[in-house]
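Observations on the three-dimensional arrangement
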Amino acid sequence: VLGIHAPHGDELDECMDHAFELLGTLPHGSRVIAIGDWNVDQMPTMSSEPWQEEPQRHLHHEERRATLRTWTEAFGLAIQDITQSSGAFGGPWSELATLPPFSRMSLGAQSDVARPSMLDYCISSPCLVSSSELAWRMALADHAALRVVCDLTCTSTPRPARTWTPSDALACRASIATQFW
C-alpha cells in the first residue's frame, strides 16, 4: 500500500519517480494499491462531467493525466472507479456533491473560482479493489474521505518440495564432516 499526496505544479514527475523507485523494489508478482490526493483531475475524462460542453475543458490537467497514465501502465495498474459517493458537503457546490464522484470541493473564497474536481482516488493492481467510495460526512477540510475495500485473498502457488541427493551420499557426508568441522 502506497499513500500519495502529489504536489501541485511541475513536481508531479519527481513524485512519480519516487513512487516508481519504491514500487520497483517489490518482488515480482506483488500486488499494489496506491491511494491518495493525486492532484491530477480525472473529472474532464468522465462522461458525467457537468462542464464537458465548454471548449478546451478536456485540456484541464491533460498533461498530468498523461504522466499518471504512463506511470500506471508501467506497473500494470489502473485507476479504480468510484463506486459510491455519500454525504453532503454544503456550500455553493452541495447539489453537485452526490452527482459525479467529486472528491474535492472548494471552500471559502476559492469556491467562487475553483470548481469541484476528482483528485482523490485509488490506483491498483487488477482484481484487487472491490469498491472505492467517497464519504463527505467524514470529510476533513475540502476533500472527501476515500474508503477502499480490497480483496486480499492469498494467491500464492505452492511449490513442490525440493530435495537434492548426491549420487554417493556417504562419501559426501564424510567429505563435509572433514572439511567444515
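What comes next concerns the included structure. Since we're looking at a predicted model, the values are computed, not measured.

Ranked by internal contacts, the top residues of the largest apolar core, which has 26 residues, are Ile 4, Met 16, Trp 38, Leu 68, Trp 71, Tyr 121 and Ile 123. When residues of this core are traced back to their parent elements, those giving at least two are strand E1 (2–5), helix H1 (12–24), helix H2 (62–74), strand E5 (120–124) and strand E6 (129–140). If you tally residues by element for this core, the top one is H1, at five residues. Among residues more than four places away in sequence, those in contact with Trp 38 are Ile 4, Ala 6, Leu 12, Met 16, Arg 64, Leu 68, Trp 71, Leu 119, Tyr 121 and Ile 123. Ile 33, Cys 122, Leu 128 and Val 129 belong to the second-largest nonpolar core, a separate cluster that totals five residues.

Enumeration over the complete set of coordinates arrives at five salt bridges. Note that Arg 57 is salt-bridged to Asp 41, the shortest N-O span being 4.0 Å. Of the two residues, Arg 57 sits in the loop between strand E2 (33–37) and H2 while Asp 41 sits in the loop between E2 and H2, which places them 16 residues apart along the sequence. Comparing Arg 57 with Asp 41, the two get one shared label, buried. Among the salt bridges present, the one from Arg 104 reaches Asp 142, with a minimum N-O distance of 2.9 Å. Taken together, the positions of Arg 104 in the loop between strand E4 (84–86) and E5 and Asp 142 in the loop between E6 and strand E7 (143–150) put the pair 38 residues apart, joining distant regions of the chain. Just as Arg 104 is buried, Asp 142 falls in that class too. Members of the salt-bridge network, linked through shared partners, are Asp 41, Glu 49 and Arg 57.

Each value, and the rule that gives it
- Residues numbered from 1 in each chain as written.
- Predicted model: local features only at pLDDT ≥ 70, side-chain atom pairs only at ≥ 80, totals over all residues.
- Heavy atoms only, no water.
- Core = buried A, V, L, I, M, F, W, Y, C linked by side-chain atoms within 4.5 Å.
- Buried < 20%, exposed > 50% of the residue type's maximum accessible area, 1.4 Å probe, protein only.
- Helix = DSSP H or I, 4+ residues; strand = E, 2+ residues; numbered from the N terminus.
- Contact = heavy atoms within 4.5 Å.
- Salt bridge = Lys/Arg side-chain N within 4 Å of Asp/Glu carboxyl O.

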